[in-house]
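Summary of the model geometry
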Amino acid sequence: QVQLVESGGGLVQAGGSLRLSCAASGSIFSINAMGWYRQAPGKQRELVAALTSDGRTNYADSVKGRFAISRANAKNTVYLQMNSLKPEDTAVYYCNADLRATATFKLTGFWGQGTQVTVSS
């Protein structure tokens, strides 16, 4: 079994910062990429930031220059440092990992349970 557990969400004022963490655990053979998505009420889930195993990053235009994704490979953990937060960043943030579990070796996407980020104006 593979689990992704997120932490670090909360309530912050506009202009503030938060750091999200996501730890992948279980029978993992390898991780191709990890990333963060978010979903605001009434909107579709969207990519926020992603990081591949070879270090390539991808950011949504709306967060470039404000958010930074990083990973502690040894811990199978990915972080999202969010600075200069805006009310429009309010959403449930979900961790995603594309990985191969030891049970199947098939590249599969896994999701965390989500963590709420609320930015007040």
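This one's a predicted model, so the numbers in the text were calculated from it and none came from an experiment. (Residues numbered from 1 in each chain as written. Predicted model: local features only at pLDDT ≥ 70, side-chain atom pairs only at ≥ 80, totals over all residues. Heavy atoms only, no water.)

Turning our eyes to something else, we now look at the state of the cysteines. Within this structure, the stated rule accounts for one disulfide. Here Cys22 connects covalently by a disulfide to Cys95, the sulfurs 2.1 Å from one another. On the sign convention where negative is left-handed, the bridge of Cys22 and Cys95, at about -80° about the S-S bond, is left-handed. With a gap of 73 residues between them, Cys22 in strand E3 (residues 18–26) and Cys95 in strand E9 (residues 91–101) connect regions that are remote in the sequence. Of the two residues, Cys22 and Cys95, both sit in the buried class. (Disulfide = S-S within 2.5 Å. Helix = DSSP H or I, 4+ residues; strand = E, 2+ residues; numbered from the N terminus. Buried < 20%, exposed > 50% of the residue type's maximum accessible area, 1.4 Å probe, protein only.)

Here we have four strands laid out as an open sheet, ordered E1-E3-E8-E7, and antiparallel in their pairing. What marks the edges here is a single partner per strand, and that holds for strand E1 (2–7) and strand E7 (67–72). Along the sheet, successive strands turn relative to each other by an average axial angle of 15°, direction set aside. Taken together, the six bridges between E1 and E3 define a ladder with antiparallel strand orientation. Each residue of the ladder has a partner; that of Gln3, found in E3, is Ser25. (Pairing = 2+ DSSP bridges. Axes fitted to C-alpha atoms, helices over the stretch in contact; angles between N-to-C directions.)

Applying the stated criterion across every chain, the model contains five salt bridges. A salt bridge links Glu46 to Arg38; the shortest N-O distance between them is 2.7 Å. Given a relative accessible area of 6%, Arg38 falls into the buried group. Here Asp89 ties to Arg38 by a salt bridge, and the two come within 3.0 Å at their closest N and O atoms. (Salt bridge = Lys/Arg side-chain N within 4 Å of Asp/Glu carboxyl O.)

With that settled, the discussion passes to the side chain of Arg66. Positionally, Arg66 belongs in the loop between strand E6 (57–59) and E7. Taking relative accessible area as the criterion, Arg66 reaches 11% and is therefore assigned buried. The residues touching Arg66, leaving out its near neighbours within four places in the chain, are Gln81, Met82, Asn83, Ser84, Leu85, Lys86 and Asp89. (Contact = heavy atoms within 4.5 Å.)

Of all hydrophobic cores here, the largest spans 32 residues; its most connected members are Trp36, Leu80, Met82 and Tyr93. Elements supplying a minimum of two residues to this core: E1, E3, strand E4 (28–39), strand E5 (46–52), E7, strand E8 (77–82), E9 and strand E11 (115–120). A per-element tally of this core places E9 first, with six residues. The contact partners of Leu80, leaving out residues within four places of it in the chain, are Leu18, Arg19, Leu20, Trp36, Val48, Ala49, Phe67, Ala68, Ile69 and Tyr93. (Core = buried A, V, L, I, M, F, W, Y, C linked by side-chain atoms within 4.5 Å.)

Right, let's get into the packing of aromatic side chains. The final tally for this structure, using the stated rule, is two aromatic pairs. Relative to Phe105, the ring of Phe29 lies with its centre 4.9 Å away and its plane at 75°, an arrangement referred to as edge-to-face. Taken as a pair, Phe29 in strand E4 and Phe105 in the loop between E9 and strand E10 (107–111) lie far apart in primary sequence, 76 residues in all. Taking 5.0 Å as the distance between ring centres and 65° as the angle between the ring planes, the aromatic pair formed by Tyr37 and Trp111 counts as edge-to-face. Placement of the pair is Tyr37 in strand E4 and Trp111 in strand E10, with a sequence separation of 74 residues. Lying across the ring of Trp111, Arg45 places its NZ or CZ 4.6 Å from the centre. (Phe/Tyr/Trp six-rings, centres within 6.5 Å; stacked < 30°, edge-to-face > 60°. Lys NZ or Arg CZ within 6 Å of the ring centre and 35° of its normal.)

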